[in-house]
Amino acid sequence: MATQAITTDPPRVTEEGTSFGTLSGVEQELPSETGNDLQIAEPFNPDDIDVTTRSMTIDLLLSRIRSKAIDLEPDFQRRRGIWTDRQQSRLIESLLLRIPLPTLYAAEDEEEDWAIVDGIQRLTTITRFIDPKAIEETPLALTGMEYLGESFNGKLFDDLPARLKRRLRETELVVHVIRHGTPQEVKFNIFARINTGGMPLSAQELRHALIPGKAREYLGRLAGLNAFKQATTHSIRDERMADREMVLRFLAFSMTRPEEFRAYDFDRFLGDAMRQINRLDDADLERLEHGFMRAMDSAREIFGQDAFRKRYRETDGRFPINKALFETIAVSLANLSDSERERCIFRHEEVRRRMMEAMQDREFDSAISQGTGDTGKVRKRFEIVSTIFRKVADV
């Protein structure tokens, strides 16, 4: 393989962060050279965008939460711990002082239920204070009041005077609802643009919120497999669904051959993959799961603790997990026969040497680092990695 040698030190990489200020264990991808990672394949028809704005009292919102028309439970439960009791108490204090809260954003499904995309923490805090049983939470006791004074510290909702209880229940919040008829790719792009709050959802959390169905549980199950955790050395944090996105990227390129991948919004490609998973039967899901597990086991045996990480030379320290390398190596291994995988495992030192040589190719390095959803980069990295495995297996 002809390469363009990298003469400088290996590039410095950064890790994606979590909502708790910790590192996720996953390398942060650089934007594309154009800087336009929200680029869409074709313009939206303005008539397809159906957004309604509603002013609703907290009482009405709580009614929807109790009846599960607003669901704050599945998979977002882990996000409740992001705010401390003091931060939650300050939000309740703002409501008692009649300070307006930021707008909420929701996506409506075919049953007219809402997935809250921006405002989960606010609604969870309000529910926890007024009706904690609705979300099976411990009651919030106010603490650290800044303007209402020490007399409010330690108070529960039931301890408040009747007028303040009524004030909370009758407070109106503004909710922008993107209606069910709006195309999914339009919804995703809209939320990606407005999802700018203090704790915005990650791309995978957005997909999870907007695309219901068995794909949600399936991704979670595969991300929880011991084979995946061992192959990634238990280093991927799950607070922002980074682990599920990794699994989804493997499945997407297992269902769509890399050479058939076409240039369009990569986030839309992953969303389409989730919808495709929803349509698969049990036999297809089992086949994909077995391929995933074989790929994870093989990657661990070949690369050890360096699986799915950049490595330019033997003396390099450990880089974070690289998403593009993960999908490329995993899918390429899954596509090998059992005997080919065994030969690659037996000749693992040769595989590692060839991969480090590939890292010296500037085009390949770019294909796993920057604008990785570009069609040419997808095909480039899959071509190089799959060729490495097959050459080693054919020796």
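- In the annotation of an unreviewed UniProt entry, the entry for the protein chain reads GmrSD restriction endonucleases N-terminal domain-containing protein, and the organism field reads Methylobacterium pseudosasicola.

1. Observations concerning the pattern of salt bridges
Reasoning step 1: Inspection of every chain in the model, using the stated rule, returns 27 salt bridges.
Reasoning step 2: Linking Glu-146 and Arg-90 is a salt bridge whose minimum nitrogen-to-oxygen distance equals 3.3 Å. Taken together, the residues span a long stretch of sequence, with Glu-146 in the loop between α3 (120-130) and α4 (162-170) and Arg-90 in helix α2 (residues 85-96) at a distance of 56 residues.
Reasoning step 3: Overall, the relative accessible area of 48% leaves Glu-146 in the partly exposed class.
Reasoning step 4: Glu-245 serves as the salt-bridge partner of Arg-207, at 3.5 Å between the closest nitrogen and oxygen. Of this pair, Arg-207 sits in helix α6 (residues 203-210) while Glu-245 sits in helix α9 (residues 242-255), and the two are 38 residues apart along the sequence.
Reasoning step 5: Residue classification places Glu-245 among the buried positions, given a relative accessible area of 10%.

2. A look at the packing of aromatic side chains
Reasoning step 1: Evaluation of the coordinates by the stated rule reveals 13 aromatic pairs.
Reasoning step 2: Their ring planes at 75° and their centres at 4.8 Å tell us that Phe-261 and Phe-269 sit as a pair that is edge-to-face. Here Phe-261 and Phe-269 have matching classes, each one buried.
Reasoning step 3: Connected via pairs of aromatic rings, a cluster forms that spans Phe-228, Phe-250, Phe-292, Phe-308 and Phe-326.
Reasoning step 4: Geometry around Trp-114 places Arg-64 over its ring, the cationic atom sitting 4.0 Å from the centre.
Reasoning step 5: Between the NZ or CZ atom of Lys-165 and the centre of the ring of Phe-157, over which it lies, the distance is 5.7 Å.

Parameters and conventions
- Residues numbered from 1 in each chain as written.
- Predicted model: local features only at pLDDT ≥ 70, side-chain atom pairs only at ≥ 80, totals over all residues.
- Heavy atoms only, no water.
- Salt bridge = Lys/Arg side-chain N within 4 Å of Asp/Glu carboxyl O.
- Helix = DSSP H or I, 4+ residues; strand = E, 2+ residues; numbered from the N terminus.
- Buried < 20%, exposed > 50% of the residue type's maximum accessible area, 1.4 Å probe, protein only.
- Phe/Tyr/Trp six-rings, centres within 6.5 Å; stacked < 30°, edge-to-face > 60°.
- Lys NZ or Arg CZ within 6 Å of the ring centre and 35° of its normal.

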